[in-house]
Amino acid sequence: NTTYHLKGIALEQNIVGTSDLEEISNRCTLIFPVVPSKGFRNIMRQMSPFLKPYHLLIHGTKGLDSSYFTTDKVFSGRLNVHTISEVIQQETSVVRIGCLSGPNLSSEILKGQPAATVIASPFKEVILAGKNVLKGKRFQVFSTNDIIGAELAGALKNTIAIGAGMLGGLNMGYNIWALLITKGLSEMIHIGKAMGANLEPFLGVAGIGDLVATASSTKSRNYTVGY
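This one's a predicted model, so the numbers in the text were calculated from it and none came from an experiment.

What counts and what doesn't
Counting of residues starts from 1 at the beginning of each chain's written sequence and follows it residue by residue. Local features in this predicted model are restricted to residues of pLDDT 70 or higher, and side-chain atom pairs are both shown and tallied only at a pLDDT of 80 or more, whereas totals for entire chains, interfaces and linings draw on every residue. Excluded from the side-chain calculation are hydrogens and water; included are all heavy atoms of the structure. Two aromatic rings from Phe, Tyr or Trp, using only the six-membered ring of Trp, form a pair when their centres are within 6.5 Å; if the ring planes differ by under 30 degrees the pair is stacked, by over 60 it is edge-to-face, and anything between is tilted. Counting from the N terminus, the helices are DSSP H or I runs at least four residues long and the strands are E runs at least two residues long. Remark: exposure states derive from per-residue accessible area (1.4 Å probe, protein chains only) relative to the maximum for the residue type, with buried under 20%, exposed over 50%, and partly exposed in between. The term salt bridge refers to a pairing of a side-chain nitrogen on Lys or Arg with a carboxyl oxygen on Asp or Glu at a separation within 4 Å. Grouping buried Ala, Val, Leu, Ile, Met, Phe, Trp, Tyr and Cys residues that are joined through side-chain atoms within 4.5 Å yields what is termed a nonpolar core. Here, two residues are considered to be in contact whenever any of their heavy atoms come within 4.5 Å of each other.

Asks: An account of the packing of aromatic side chains is requested, with residue identities and associated values reported.
Replies: We describe a pair of aromatic rings using the distance from one ring centre to the other and the angle between the two ring planes. On inspection of all chains with the given rule, the structure shows 2 aromatic pairs. Judged by centre distance (6.2 Å) and plane angle (80°), the rings of Tyr174 and Trp177 are edge-to-face. You can see Tyr174 and its partner Trp177 sitting in helix α7 (residues 174-194), 3 residues apart, about one turn around the helix. By relative accessible area, Tyr174 is classed as exposed at 70%.

Asks: Break down the pattern of salt bridges for me, citing the residues and quoting the values.
Replies: As enumerated under the stated definition, the model contains 8 salt bridges in all. A salt bridge links Arg41 to Asp65; the shortest N-O distance between them is 2.8 Å. Of this pair, Arg41 sits in helix α2 (residues 37-47) while Asp65 sits in strand β5 (residues 64-65); the two residues are 24 residues apart in sequence, bridging distant segments of the chain. Take Arg41 and Asp65: they sit in the same class, and that class is buried. Here Lys219 makes a salt bridge to Glu108, at a shortest N to O gap of 3.4 Å. Pair noted here: Lys219 is in the loop between α8 (205-214) and α9 (221-226) and Glu108 is in helix α4 (residues 106-110), with a separation of 111 residues, a long-range link. Overall, the relative accessible area of 41% leaves Lys219 in the partly exposed class. A network of salt bridges, in which partner residues are shared, links Arg41, Arg45, Asp65 and Glu91.

Asks: Help me get a handle on the nonpolar core, residues and values and all.
Replies: Counting residues in hydrophobic clusters, the biggest one holds 36 residues, and the most contacted among them are Leu57, Ile88, Leu152, Met188, Phe202, Leu211 and Ala215. Broken down by secondary-structure element, the contributors of at least two residues to this core are α2, α3 (84-91), β7 (96-101), β8 (115-120), α6 (147-169), α7 and α8. At 9 residues, α6 tops the list of elements feeding residues into this core. Once residues lying within four places of it in the same chain are set aside, the contact partners of Leu211 are Lys157, Ile160, Ile181, Leu185 and Met188.

Printed below as a string of structure tokens:
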């Protein structure tokens, strides 16, 4: 807030850093919670007293949650495996929820290199609000109504990317890499359908697009740890 820099990155002076969750909830209608999936439910529980039904939440967390046990069949019969949007539903009064997904390697975006992302939500106003604040000359924003599909694509592709990094570390070549990507995408689709998702997100930017970028770039954390 005094130097307008964060980890060497120059920030606009209208950006304010705060650790006050109540202040964020009071001052912002549109909120992008982007934290690791392991701590996401805890953050939602901390924010819950301050969040209202009028808030729009678009999360950017690629993972699943299994810390909450329920006999509620509303969530596709999955008693203890939940998407991040379902965690928001379970812990807060927020109704209009979205998901940010796609191949978003941050170092390239910061350099101004062209990129795209996907906002998934069943609510048009969530998609429009997200597009209004994110879209730029070199940053395209696509959309889908299948939020579960986009969330599952973003989470499941990480496993394939770690495997791709292992192949790279072992110098196994591109033939087996292509086989892993192809069969991995097929398995992602099967799992997605079993959990109530449609085919579309897996064949779009949030699915195969994110998979290819994450499973081939040394800038990807999942590829790097596999390598």
